[in-house]
Amino acid sequence: MAVNLTDLSLPQLEGLKTQLDQEIEFLTSSISQLKVVQTKYVEAKDSLNVLNQNNKGKELLVPLTSSMYVPGSLNDVETVLVDVGTGYYVEKKVDDAKAFFKRKIDFLTKQIEKIQPALQEKHAMKQAVIEVMNVKIQQLQQSQQSSQVVGPTKA
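Residues numbered from 1 in each chain as written. Predicted model: local features only at pLDDT ≥ 70, side-chain atom pairs only at ≥ 80, totals over all residues. Heavy atoms only, no water.

If you look the protein up in an unreviewed UniProt entry, it shows as Prefoldin subunit 5 from Sparus aurata. Its UniProt record, at the heading Sequence similarities (unreviewed entry), says of the protein: "Belongs to the prefoldin subunit alpha family." Among the UniProt annotations of the protein, the heading Function (unreviewed entry) holds the following wording: "Binds specifically to cytosolic chaperonin (c-CPN) and transfers target proteins to it. Binds to nascent polypeptide chain and promotes folding in an environment in which there are many competing pathways for nonnative proteins. Represses the transcriptional activity of MYC." (UniProt positions renumbered as here; feature names shortened; annotations may be inferred.)

And the structure:
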């Protein structure tokens, strides 16, 4: 059901604007979170490129935490453990892991592409509400000024 914005009162328009602000914030946050996850998958997929026979046996630093590492060596360049979510890890061949990450990246890209038009629509709706509010405020100010100019008359 479509509602004509000009039929709404200023408090109703303000409420609608507040609701649109919340929806815009939610959609923007959702896109940001999806992009963060997408970046992690891209980085994971790219890091698989170092797993080749030329690097087998090479020394490296293995992270224990974000700021603590231990020395190690790269012994297996053909399989990796992939975090598939909720604490589950699956052993995969490097090419299968790359394909897994590509599917995840593609899925997230599609989700972002689905949300962006809704976000643009909400921005356009908010702009329309603001424009109607401004018109109503100007009309209210003009009617107040004209009633002050006329003033009370004495008989």
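## Remarks on the packing of aromatic side chains
Within this structure, the stated rule accounts for two aromatic pairs. The structure contains a cluster of three or more aromatic residues connected by ring pairs, namely Tyr41, Phe100 and Phe101. (Phe/Tyr/Trp six-rings, centres within 6.5 Å; stacked < 30°, edge-to-face > 60°.)

## So, the pattern of salt bridges
Tallying each qualifying case throughout the model produces four salt bridges. A salt bridge links Asp21 to Lys17; its shortest N-O distance comes to 3.4 Å. Pair noted here: Asp21 and Lys17 are both in helix α1 (residues 10-47), with a separation of four residues, about one helical turn. The partner of Lys122 in a salt bridge is Glu23, with the nearest N and O atoms 2.7 Å apart. With Lys122 in helix α2 (residues 94-150) and Glu23 in helix α1, this pair connects stretches of sequence that are 99 residues apart. With a relative accessible area of 24%, Glu23 lands in the partly exposed category. Within the structure, one salt-bridge network assembled from shared partners comprises Lys17, Asp21 and Lys126. (Salt bridge = Lys/Arg side-chain N within 4 Å of Asp/Glu carboxyl O. Helix = DSSP H or I, 4+ residues; strand = E, 2+ residues; numbered from the N terminus. Buried < 20%, exposed > 50% of the residue type's maximum accessible area, 1.4 Å probe, protein only.)

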